Amino acid sequence: MQRQMISILGQTGRRMMLGQQLRPLSVSAQRREIFKVQSAEDFDKKVKNSQQPVIVDFFATWCNPCKLLTPRIENIVGEQAGSIKLAKVDIDEHSELALDYDVAAVPVLVVMQNGKEVQRMVGLQDEDKIRAWVAAAVKQTKS
């Protein structure tokens, strides 16, 4: 009976039954500039062909520094009021993109403008350093 119930509930139900904490889903305006890359074609369309600068967050689900970086970078991008977007790339799902952009370790943040890399930040950084880095990226891409 319990197995049937877990199957019916799916992944979310399993997490709830196992007591794992779910991340709250936000539908605020600032979250619209954040998206997960679904394919190489999606990356080309939303990142390489974007008129706006895009921060590409190369991450892995098993990477603890990546888990710590996620809320920091998402909040900081949200503060930018739409002047920069955030693309999340899971390196295990899209290893070809990670190889194309020489991602040897995660997390890696890459600022892309007009299909080209403008800036790069490797590793977990404190929030103030990330905020200054993002502000510099926005300023650089506007000039």
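Description of the structure in this document. Quick caveat: nothing in here was measured; it's all calculated off a predicted structure.

### What to know about the pairing of strand β2 (residues 54-59)
Regular strands place side chains that alternate from one sheet face to the opposite one.
Piece 1. Of all six residues in β2, six are buried; the element is thus mostly enclosed.
Piece 2. Bridge analysis of β2 against strand β3 (residues 85-90) gives six bridges, and the strand direction is parallel. Bridged to Val56 within β3 is Ala87.
Piece 3. Handedness of the crossover joining β2 and β3 through helix α3 (residues 64-79): right-handed.
Piece 4. Across five bridges, the pairing between β2 and strand β4 (residues 108-113) is antiparallel. Paired with Ile55 across the two strands is Val111, which belongs to β4.

### Looking at the state of the cysteines
Piece 1. Tallied over the entire structure, the rule returns one disulfide.
Piece 2. A disulfide bridge connects Cys63 with Cys66, and the sulfur atoms are separated by 2.5 Å. Disulfide Cys63 to Cys66: torsion about the S-S bond roughly 80°, handedness right-handed.
Piece 3. With relative accessibility at 2%, the residue Cys66 sits in the buried group.

### Here we look at α3
Piece 1. Helix length check: α3 (16 residues) gives 24 Å between terminal C-alpha atoms against 22 Å at 1.5 Å per residue, within 8%.
Piece 2. Its axis deflected by about 30° at Thr70, α3 carries its strongest bend there, up to four residues before the proline Pro71.
Piece 3. All of the buried residues along α3 are Cys66, Leu69, Thr70, Ile73, Glu74, Ile76, Val77 and Gly78.
Piece 4. Ala81 lies just past α3 and shows a positive phi near 55°.

### Description of a negative patch on the surface
Piece 1. On the surface, Glu41, Glu96, Asp100 and Asp102 cluster together to form a negatively charged patch.
Piece 2. Along the chain, the position of Glu96 falls in helix α4 (residues 95-100).
Piece 3. Taking the relative accessible area as the measure of exposure, Glu96 reaches 35% and is therefore partly exposed.

### What to know about the nonpolar core
Note that soluble globular proteins tend to have their nonpolar side chains buried in a common cluster.
Piece 1. In terms of nonpolar packing, the biggest core is built from 22 residues, with Phe43, Val47, Val56, Phe58 and Val103 touching the most fellow members.
Piece 2. Only α2 (40-48), β2, β3, α4 and β4 provide two or more residues apiece to this core.
Piece 3. No other element matches β2, which puts four residues into this core.
Piece 4. Not counting residues within four places of it along the chain, the set of residues in contact with Val103 comprises Phe58, Ile91, Ala98 and Val108.

About the cut-offs
Position numbers for residues count from 1 along each chain, tracking the sequence in the order it is written. Local features in a predicted model are, by the rule used here, given only for residues with pLDDT of at least 70; side-chain atom pairs are given and counted only at 80 or more, and totals for whole chains, interfaces and linings are based on all residues. Hydrogen atoms and water are omitted, and side-chain values are computed over all heavy atoms in the structure. Type-normalised accessible area, obtained with a 1.4 Å probe on protein chains alone, sets the label of each residue: buried when under 20%, exposed when over 50%, and partly exposed for intermediate values. A run of H or I in DSSP becomes a helix once it reaches four residues, and a run of E becomes a strand once it reaches two; helices and strands are each numbered from the N terminus. Strand pairing is assigned whenever DSSP detects at least two bridges linking the two strands. For a crossover, the right-handed case is the one in which the path from the first strand over the helix to the second runs clockwise, viewed with the strands pointing away from the viewer. Criterion for a disulfide: a pair of cysteine sulfur atoms within 2.5 Å. Here the expected length of a helix is defined as 1.5 Å per residue gap, with one fewer gap than residues. Bend at a residue means the angle formed by two fitted axes: the first through the 7 residues ending at that position, the second through the 7 residues beginning there. Residues forming no salt bridge and having over 30% relative accessible area are the ones grouped into patches, like charges within 9 Å of each other and nonpolar side chains (Val, Leu, Ile, Met, Phe, Trp, Tyr) within 5 Å. Accessible surface area values rest on a Shrake-Rupley calculation with a 1.4 Å probe, where residue burial reflects the displayed protein chains alone. One side-chain nitrogen of Lys or Arg within 4 Å of one carboxyl oxygen of Asp or Glu is enough to make a salt bridge. The convention is simple: Lys and Arg are positive, Asp and Glu are negative, and His and the chain ends are not counted. One atom stands in for each charge, and that atom is NZ of Lys, CZ of Arg, CG of Asp or CD of Glu. Think of a nonpolar core as a cluster: buried Ala, Val, Leu, Ile, Met, Phe, Trp, Tyr and Cys residues, connected wherever their side-chain atoms sit within 4.5 Å. The contact criterion used is simple: two residues touch if any of their non-hydrogen atoms lie within 4.5 Å.

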